[in-house]
Amino acid sequence: MLDVSARRTGVALTDQQKMSWLRLIRSDNVGPVTFRDLINHFGTADAALDALPELSRRGAGARTFRVATTAEAEREFEIAHRLGATFIAIGEPNYPFALRQIDGAPPLLAVKGNLDAARRPSLGIVGSRNASVSGAKFAGMMARDAGQAGYTITSGLARGIDTAAHRASLASGTIAVLAGGIDRPYPPENIGLLDDIMAGEGLAVSEMPFGWEPRARDFPRRNRLIAGISLGVAVVEAANRSGSLITARYAADFGRLVFAVPGSPLDPRCHGTNDLLKQGAIVTTTSHDVLDALAPLSQPTLPFPTGASEPAQEFPSRQPQPLADRDRVTITDALGPTPVDIDDVIRHTGLPAAEVYLALIELDLAGRLNRHVSGLVSLEGEQ
């Protein structure tokens, strides 16, 4: 059994600070990476909120920039309270500890259920929606064994393999990552399962606003969270070009372990998993294949950087020097349609890193910057 009493460190935000964080992440063109850069540059969410419209204007934004209002944030907090949910921030002790390590981790998560599930190391289990009987049985067996060993099982509440993994780990703890708001679970037939998860040892997690109906493009974001929360991801029955392979790709990008269960080459549901094995995924035919590989990663002494922080006490907001127009042009000219590393932009321009990051924030808020999964950047719409 794993020692699940690992120390959790972090800074607990006040409700007012969380309100400001929620306003910032819900404002136009502010994604997790831009959020982190804004906090790093301005020190507090309040200072960043004050600067947003001017930053967008400097980035040559073509339309009026919308800053989320206090009333909108208060409405989300009221809905969360009414539903028995809460928000946890990336620097807080209850934030899933492995998720803190990835670039662009959500600064705030809406959660409902047992927070103990987020404090333990996690194994992700994903796979086909139209799973076979044997595939669902194997996923359930692996989830039960990993749960008994002290792991939380993380999956996406989808039909098939996800459902089998969640059901098998209800007693030990499971995390359901949702593509929509916590109050808009999908698919409808798993609403009862989600209720069981939240009422027991499990946890529902979403980075989306309450009331958000999931769209096709939201599911890859959900898959990214599954991979980020987990120390490793096991794929059971996945067709080519399936969402489960997106999860596996994210896991590999994050330096997580990828496990794949081999299947018949005549079964289309196994083509994706068999290809993962060709690419170096860990062959998984028993639960011990997973548990033995995860054991060295599950020690409580792992460092967990927080990615963004804001102290509880008030302090004067930083007043960064504005970027000179000529330097802004130099940085913009260094960018183009081809994705480049930010460090290369800094070296190429010879400008201080803080100025380059500020220019990228301006371009991002103006909707002119593409941020790629690999951490590279390019200009939007440049030919």
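As the structure is a prediction and not an experimental result, all values here were calculated from the model.

Quick notes on helix α8 (residues 191-199)
Here is step 1 of the chain: All of the buried residues along α8 are Leu 193, Leu 194, Ile 197 and Met 198. Seen from one end, α8 has its buried residues packed into an arc of 130°, which puts them on one side.
Here is step 2 of the chain: For α8, the secondary structure elements touched by its buried residues are β2 (108-113), α7 (161-168), β5 (174-177) and β6 (203-206).

Some words on unusual backbone geometry
Here is step 1 of the chain: Residue Pro 187 follows Tyr 186 across a cis peptide bond; omega there is 5°.
Here is step 2 of the chain: For Pro 187, the location among the structural elements is in the loop between β5 and α8.
Here is step 3 of the chain: In the Ramachandran plot, Glu 237 falls in the positive-phi region, its phi being about 60° despite a non-glycine side chain.
Here is step 4 of the chain: Within the secondary structure layout, Glu 237 lies in the loop between β7 (232-236) and α10 (243-253).
Here is step 5 of the chain: Even without being glycine, Arg 241 reaches a positive phi, approximately 60°.

Concerning helix α15 (residues 353-365)
Here is step 1 of the chain: When the terminal C-alpha atoms of α15 are compared, their 18 Å separation across 13 residues agrees well with the 18 Å that a helix rising 1.5 Å per residue should span.
Here is step 2 of the chain: Next to the buried residues of α15 lie α2 (32-42), α3 (45-58), α13 (325-334), α14 (342-349), β10 (369-371) and β11 (377-379).
Here is step 3 of the chain: Backbone geometry just after α15 places Gly 367 at a positive phi near 75°.

Brief notes about the sheet that holds β2
Here is step 1 of the chain: Taken in spatial order, the 9 strands line up as β1-β2-β6-β5-β4-β3-β7-β8-β9 in an open sheet, and their pairing is mixed. Both edges of this open sheet fall to β1 (86-89) and β9 (282-283), since each of them pairs with a single strand only.
Here is step 2 of the chain: The sheet contact formed by strand β4 (residues 152-155) and β5 spans 3 bridges and is parallel. Within β5, the residue paired with Ile 153 across the bridge is Thr 174.
Here is step 3 of the chain: α7 contacts β3 (122-127), β4, β5 and β7 of the sheet and is inclined by roughly 145° relative to β3.
Here is step 4 of the chain: Packing against the sheet, helix α9 (residues 218-229) makes contact with β2, β3, β4, β5 and β7, and its axis sits at approximately 155° to β5.

Calculation notes
Residues numbered from 1 in each chain as written. Predicted model: local features only at pLDDT ≥ 70, side-chain atom pairs only at ≥ 80, totals over all residues. Heavy atoms only, no water. Buried < 20%, exposed > 50% of the residue type's maximum accessible area, 1.4 Å probe, protein only. Helix = DSSP H or I, 4+ residues; strand = E, 2+ residues; numbered from the N terminus. Arc of directions from axis to C-beta. Contact = heavy atoms within 4.5 Å. Expected span 1.5 Å × (residues − 1). Pairing = 2+ DSSP bridges. Axes fitted to C-alpha atoms, helices over the stretch in contact; angles between N-to-C directions.

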